[in-house]
Amino acid sequence: MAENQSESLVRYALVDCDPGVDDALALAIGFASPFFRYDAVTTVHGNVSARLAYRNARRLVAFLRDHLESPIPDVPVYPGAALALDGSRLNRSESRMIHGPEGMGAMFDNKKRLRRLGRGSSKPAWEVIVEQAARRGSALTIITLGPLTNLALALRRAPGAFSRVKRIVVMGGAARMPGNVTPAAEFNIYCDPLAAKEVFSSGLPVTMVGLDVTRRALWRVEELEGGGSFRAALRDLIRVYARFSKKRRGADDITLHDPLALAVAMKPDLVETIPCRVDVDASRGVARGMTLVDLRENRGARVKNPVDVALGLDLKGFLAFFISHLRKYRGWDEDGK
Ligand code: RIB
Ligand code: CA
């Protein structure tokens, strides 16, 4: 097959994230699949500060590449926004109870795992997002796993660059469910509601993977028992999160919000979606960050600037997909096997 023809068949992805424990698990399954070639990872404030998100992503890229059975090229990491568009700052006390003070649970408490940092850059995330959208066009899928600040900044700078982008998969929001950071709002949207409002009203091909489906994506921590060094690292990664789940919900599982969003980008039939108008309360009131999803029957055939909102989930299919990709790491099973 001619190079340019094979090149035209390549699917590219850019992941914007705030690692964060579930962000890390999402990158793990993404990198383990040949489905996308990863042009970049961009980082943003959210679960942790922008500075920590950037450092955690660089450590994660190096760590995951060290353990992949089929190696991938070094994916550059670009630093992003430290504050929401409205300049608001988030109280991260609960985030620390979920992701740990450094955002990676206890994973990097084991100094052996800190061997290297992946490629960094001084180029800001929003610049890279514009560049990749313009360069890759219909071959590019953007997956956002944190607040939408970087993407909104990129859209403000060069809206035309996104005209051909294939899909934007957003982990965030809730249609019929209460929020997880306030009764009204899901965390990623709450952190920067104005950014989310601009992305959801952009008219771009957006899929919203919100709490309606991610809350059901529960992974039993016992599945991490045994195995080799990679599985031991994931046990350390989720330890704090699992303790939070046990305390808050009395459950021995963690919620795979971000891994589900990345899985949907690779396998859209894991969810059922409905095209809806989605607005966001960008005020500083009690409903800040609420996603107002118009599910009324009489919305009219053509919804203006629809967002594909995920409401149905093939949970069995997702968990099988998720585990099948973790198995592609050396050290998931006994080391040396
Ligand atoms: O509400 C869940 C989302 O908020 C996930 O992306 C998690 O990492 C946090 O950022
Ligand atoms: Ca996240």
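Since the model is a prediction, treat every value here as computed from it, not as a measurement. (Residues numbered from 1 in each chain as written. Chains lettered and ligands numbered in written order. Predicted model: local features only at pLDDT ≥ 70, side-chain atom pairs only at ≥ 80, totals over all residues. Heavy atoms only, no water.)

A.B. asks: Help me get a handle on the overall build of the protein chain, residues and values and all.
C.D. replies: Looking only at helices and strands, the protein chain features 12 helices and 12 strands. For 337 residues, the compact-globule estimate of 2.2 N^0.38 gives 20 Å, and the C-alpha radius of gyration of the protein chain, at 19 Å, lies within 12% of that figure. C-alpha atoms of the protein chain, sized along the principal axes, occupy 60 × 55 × 40 Å. Taking the contacts inside the protein chain whose residues are at least 6 apart along the sequence as the reference set, 84% of them involve residues at least 24 apart. For the protein chain, the exposed area adds up to about 14,300 Å²; of that, 51% sits on carbon and sulfur atoms. Here the protein chain contributes 50 positive and 38 negative side-chain charges, whose respective centroids are spaced 2 Å apart. (Helix = DSSP H or I, 4+ residues; strand = E, 2+ residues; numbered from the N terminus. Rg over C-alpha atoms; globule rule 2.2 N^0.38 Å. Contact = heavy atoms within 4.5 Å. Areas by Shrake-Rupley, 256 points an atom, 1.4 Å probe, with all protein chains shown as cover. Lys, Arg positive; Asp, Glu negative; His and termini not counted. Charge placed at Lys NZ, Arg CZ, Asp CG, Glu CD.)

A.B. asks: Could you give an account of the site of ligand 1, naming the residues involved and the relevant values?
C.D. replies: Neighbouring ligand 1 are Asp18, Asp22, Asp23, Asn47, Leu145, Met171, Asn180, Glu186, Phe187, Asn188, His257 and Asp258. Side-chain polar atom of Asp22 to an oxygen atom of ligand 1: 2.6 Å apart, as the coordinates give it. Between Asn188 and ligand 1, the recorded distance is 2.9 Å, taken from a side-chain N or O atom to an oxygen atom. When ligand 1 sits alone it has 270 Å² of accessible area, and the protein chains cover 95% of it. Those elements giving two or more residues to the shell around ligand 1 turn out to be helix H2 (21–31), helix H7 (187–191) and helix H11 (257–266). (Near = heavy atom within 4 Å. Polar contact = N/O pair within 3.5 Å; in protein donor to acceptor, adjacent residues only side chain to side chain.)

A.B. asks: Which residues make up the pattern of salt bridges, and what are the values?
C.D. replies: When the charged atoms of two side chains with opposite charge come close together, those side chains can pair. By the definition in use, this model includes 19 salt bridges. Here Lys267 ties to Asp269 by a salt bridge, and the two come within 2.9 Å at their closest N and O atoms. With relative accessibility at 55%, the residue Asp269 sits in the exposed group. A salt bridge links Arg296 to Asp294, with the shortest nitrogen-to-oxygen separation between them at 2.7 Å. With a relative accessible area of 55%, Arg296 lands in the exposed category. Three or more residues joined by partner-sharing salt bridges are found here, namely Asp86, Arg284 and Arg288. (Salt bridge = Lys/Arg side-chain N within 4 Å of Asp/Glu carboxyl O. Buried < 20%, exposed > 50% of the residue type's maximum accessible area, 1.4 Å probe, protein only.)

A.B. asks: Please set out the sheet that holds strand E9 (residues 271–276) residue by residue, giving values where relevant.
C.D. replies: Read across the open sheet, the 8 strands follow the order E3-E2-E1-E4-E5-E6-E12-E9; overall the sheet is mixed. Pairing within the sheet leaves two strands with one partner each, and these edge strands are strand E3 (77–78) and E9. In this sheet, strand E12 (residues 307–313) lies alongside strand E6 (residues 206–209) in parallel orientation, the contact comprising 2 bridges. The residue bridging Met208 from the neighbouring strand is Val309, located in E12. (Pairing = 2+ DSSP bridges.)

A.B. asks: Quick rundown of the coordination of the calcium ion (ligand 2)? Include the residues and the values.
C.D. replies: Protein ligation of the calcium ion (ligand 2) involves Asp18 (OD), Asp23 (OD), Asp23 (OD), Leu145 (O) and Asp258 (OD), the donor distances falling in the range 2.2 to 2.6 Å. Along the chain, the residues that donate to the calcium ion (ligand 2) are spaced as D-x4-D-x121-L-x112-D. Note that Asp18 is positioned in the loop between strand E1 (12–17) and H2 and Leu145 in the loop between strand E4 (140–144) and helix H6 (149–157), a separation of 127 residues in sequence. Comparing Asp18 with Leu145 shows no difference in burial state: the two are buried. (Donors = N, O, S within 2.8 Å, 3.2 Å for Na, K, Ca; no water.)

A.B. asks: Can you break down the nonpolar core residue by residue, with the values?
C.D. replies: Across soluble globular proteins, nonpolar side chains have a tendency to be buried as a group. Counting residues in hydrophobic clusters, the biggest one holds 68 residues, and the most contacted among them are Leu25, Phe31, Ile143, Trp219, Leu237, Phe318 and Phe322. Residues within four places of Trp219 in sequence aside, it is in contact with Leu25, Leu224, Asp252, Asp253, Ile254, Leu256, Phe322, Ile323, Leu326 and Trp332. Formed by 40 residues, the second largest nonpolar core is a distinct cluster that contains Ala40, Val44, Ala152 and Leu153. (Core = buried A, V, L, I, M, F, W, Y, C linked by side-chain atoms within 4.5 Å.)

A.B. asks: Now, about the packing of H2 against H11: what can you tell me, with residues and values included?
C.D. replies: Packed helix pairs are characterised by how far apart their axes lie and by the angle those axes make with each other. It is at 6 Å that the axes of H2 and H11 come closest, and there the two elements cross at 30 degrees. Between H2 and H11, the crossing angle belongs to the class labelled roughly parallel. As for the relative orientation of H2 and H11, their crossing is right-handed in sense. Listed contacts from H11 to Asp22, Asp23, Leu25, Ala26, Leu27, Ile29 and Gly30 of H2 are His257, Asp258, Pro259, Leu262, Ala263 and Met266. Among the residues making up the contact of H2 with H11, the classes are represented as 8 nonpolar, 2 polar and 3 charged. (Axes fitted to C-alpha atoms, helices over the stretch in contact; angles between N-to-C directions. Parallel < 35°, antiparallel > 145°, perpendicular 65-115°, else oblique. Left-handed = near helix turned anticlockwise from the far one by under 90°. Nonpolar A, V, L, I, M, F, W, Y, C, P; charged D, E, K, R; others polar.)

A.B. asks: Tell me about the environment of Arg277, and name the residues and values.
C.D. replies: By the secondary structure assignment, Arg277 is in the loop between E9 and strand E10 (278–280). We classify Arg277 as partly exposed; its relative accessible area is 42%. Residues Arg277 and Val309 lie 32 residues apart in sequence; the distance between their C-alpha atoms is 9.1 Å. Setting aside chain neighbours within four positions, we find Arg277 in contact with Leu292, Val293, Asp294, Val303 and Lys304.

A.B. asks: How would you sum up the environment of Lys197? Please name residues and give values.
C.D. replies: One can find Lys197 in helix H8 (residues 193–200). Separated by 84 residues in the primary sequence, Lys197 and Asp281 have C-alpha atoms spaced 7.7 Å apart. If we skip the residues at most four places from it in the chain, Lys197 touches Asp279, Val280 and Ala282.

A.B. asks: How would you summarise unusual backbone geometry if you had to cite specific residues and measurements?
C.D. replies: Within the chain, Asn305 stands out as a residue other than glycine whose phi angle is a positive 45 degrees. Its place among the elements puts Asn305 in the loop between strand E11 (291–293) and E12.

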